[in-house]
Amino acid sequence: MSDDYLRKPFSLAPSPAVDDTQTTATTYTPAASTFSSAPVSPYLNYDSRFLQQAQPEFIFPEGANKQRGRFELAFSQIGTSVMIGGGIGGLAGVYNGIKVTNALNQTGKLRRTQLINHVMKQGSGTANTLGTLAVLYSACGVLLQYVRDQDDNINTIIAGSATGLLYKSTAGLRKCALGGAIGLGISSLYCLYLLAQESNNTNSNPKFL
């Protein structure tokens, strides 16, 4: 095999010459014009323009879901909840620290130390709270998806209600029921939002959290 053959990819043969006496109203279109102008690789001994261009970007195994499940989403949800809780708690700590230090007329290093203490204490507390809620919700959602073998709005509502019940389970029956009611309300509102989005765009698949 010669080097010229390797360097030059396979190309379409030119259209045959047609005698002027046989040319009638029929118009011949060059075959090369029907293919896309994709670049041809010099390392292939065939013309890559023959390959179909309209192919799926990703190949999924048979029966696989095209979106991430609750277990895959749980890690990002927990981490995001912890970071959001830390940010909210840190801002609240700054506000409370400034308020307390102004009331006590503290200045200098003492004021700075008190501000840092308020930020660290309230930031870590809020981060732990939201992180715990995210862990409970994700665990309930993954368990429901495994038991019911499907992921829908019912799993979201049950997981939200169970999260509120478990989080307030040690605070008495009344607060436990209140936590479950809050979880049920938040999850129901989220499901209504998903249904509204699905009705607006019927072609997209909703991603349950």
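Residues numbered from 1 in each chain as written. Predicted model: local features only at pLDDT ≥ 70, side-chain atom pairs only at ≥ 80, totals over all residues. Heavy atoms only, no water.

Student: Would you mind showing me how to read the overall build of the protein chain here?
Tutor: If you tally the helices and strands in the protein chain, you get five helices and zero strands. The long-range share in the protein chain, meaning contacts at least 24 apart out of those at least 6 apart in sequence, stands at 60%. For the protein chain, the computed accessible surface area is about 15,500 Å², with 62% contributed by carbon and sulfur atoms. (Helix = DSSP H or I, 4+ residues; strand = E, 2+ residues; numbered from the N terminus. Contact = heavy atoms within 4.5 Å. Areas by Shrake-Rupley, 256 points an atom, 1.4 Å probe, with all protein chains shown as cover.)

Student: Teacher, can you tell me more about unusual backbone geometry here?
Tutor: In terms of backbone geometry, most residues other than glycine have negative phi values and most peptide bonds are trans. One non-glycine residue, Asn105, lies in the positive phi region at around 55°. With respect to the element layout, Asn105 can be found in the loop between helix H2 (70–103) and helix H3 (108–148). By relative accessible area, which is 67% here, Asn105 ends up exposed. Phi is positive for Asp149, close to 60°, though the residue is something other than glycine. Positionally, Asp149 belongs in the loop between H3 and helix H4 (153–167). (Buried < 20%, exposed > 50% of the residue type's maximum accessible area, 1.4 Å probe, protein only.)

Student: Sorry, what's going on with a nonpolar patch on the surface here?
Tutor: A cluster of nonpolar side chains, namely Leu143, Tyr146 and Val147, defines an oily patch on the protein surface of about 400 Å² accessible area. Under the relative-accessibility criterion, Val147 is labelled exposed at 59%. (Patch = residues over 30% accessible without salt bridge, like charges linked within 9 Å, V, L, I, M, F, W, Y side chains within 5 Å. Salt bridge = Lys/Arg side-chain N within 4 Å of Asp/Glu carboxyl O.)

Student: When you look at the UniProt feature "transmembrane region" (unreviewed entry) in the protein chain in this model, what are you seeing that I'm missing?
Tutor: Residues annotated in UniProt with the feature "transmembrane region" (unreviewed entry) correspond here to residues 176–196. The straight-line gap between the two end C-alpha atoms of residues 176–196 is 30 Å; of that span, 100% is helix and 0% is strand. (UniProt positions renumbered as here; feature names shortened; annotations may be inferred.)

Student: I would appreciate a short explanation of the packing of H2 against H3 in the present structure.
Tutor: For any two helices packed against each other, one specifies the crossing angle of their axes together with the interaxial distance. For the pair H2 and H3, interaxial distance at closest approach is 6 Å and the crossing angle is 155°. Comparing the axis directions of H2 and H3 gives the class roughly antiparallel. Both H2 and H3 take part in a crossing whose hand is right-handed. Partitioned by chemical class, the residues of the contact of H2 with H3 number 17 nonpolar, 20 polar and two charged. (Axes fitted to C-alpha atoms, helices over the stretch in contact; angles between N-to-C directions. Parallel < 35°, antiparallel > 145°, perpendicular 65-115°, else oblique. Left-handed = near helix turned anticlockwise from the far one by under 90°. Nonpolar A, V, L, I, M, F, W, Y, C, P; charged D, E, K, R; others polar.)

Student: Explain helix H5 (residues 173–200) here, please?
Tutor: For H5, which comprises 28 residues, the first-to-last C-alpha distance of 41 Å matches the rise-based estimate of 40 Å (1.5 Å per residue) to within 8%. Here H5 has its buried residues at Cys176, Gly179, Gly180, Gly183, Ser187, Cys191 and Leu194. In this structure, the buried residues of H5 make contact with H4. (Expected span 1.5 Å × (residues − 1).)

Student: I tried to follow the pattern of salt bridges on my own but got confused; where do I start?
Tutor: Two side chains of opposite charge can pair, provided their charged atoms sit close to one another. If you walk through the whole model with that rule in mind, you get two salt bridges. With a shortest N-O distance of 2.9 Å, Arg148 and Asp152 are connected by a salt bridge. The class for Arg148 is partly exposed, based on a relative accessible area of 27%.

Student: Honestly, the environment of Gly179 in this entry has me stumped. Any pointers?
Tutor: Positionally, Gly179 belongs in helix H5. When residues no more than four places from it in sequence are discounted, the contact partners of Gly179 are Gly164, Leu165 and Lys168.

Student: Got a minute to help me understand the packing of aromatic side chains in this structure?
Tutor: Geometrically, a pair of aromatic rings is defined through the distance of the ring centres and the angle of the planes. Taken as a whole and assessed by the stated rule, the structure comprises one aromatic pair. When the ring of Phe71 is compared with that of Phe75, the centres are 5.3 Å apart and the planes differ by 85°; the resulting orientation is edge-to-face. Note that Phe71 and Phe75 are positioned in helix H2 at a spacing of four residues, about one turn of the helix. On the accessibility criterion, Phe75 (57% relative accessible area) is exposed. (Phe/Tyr/Trp six-rings, centres within 6.5 Å; stacked < 30°, edge-to-face > 60°.)

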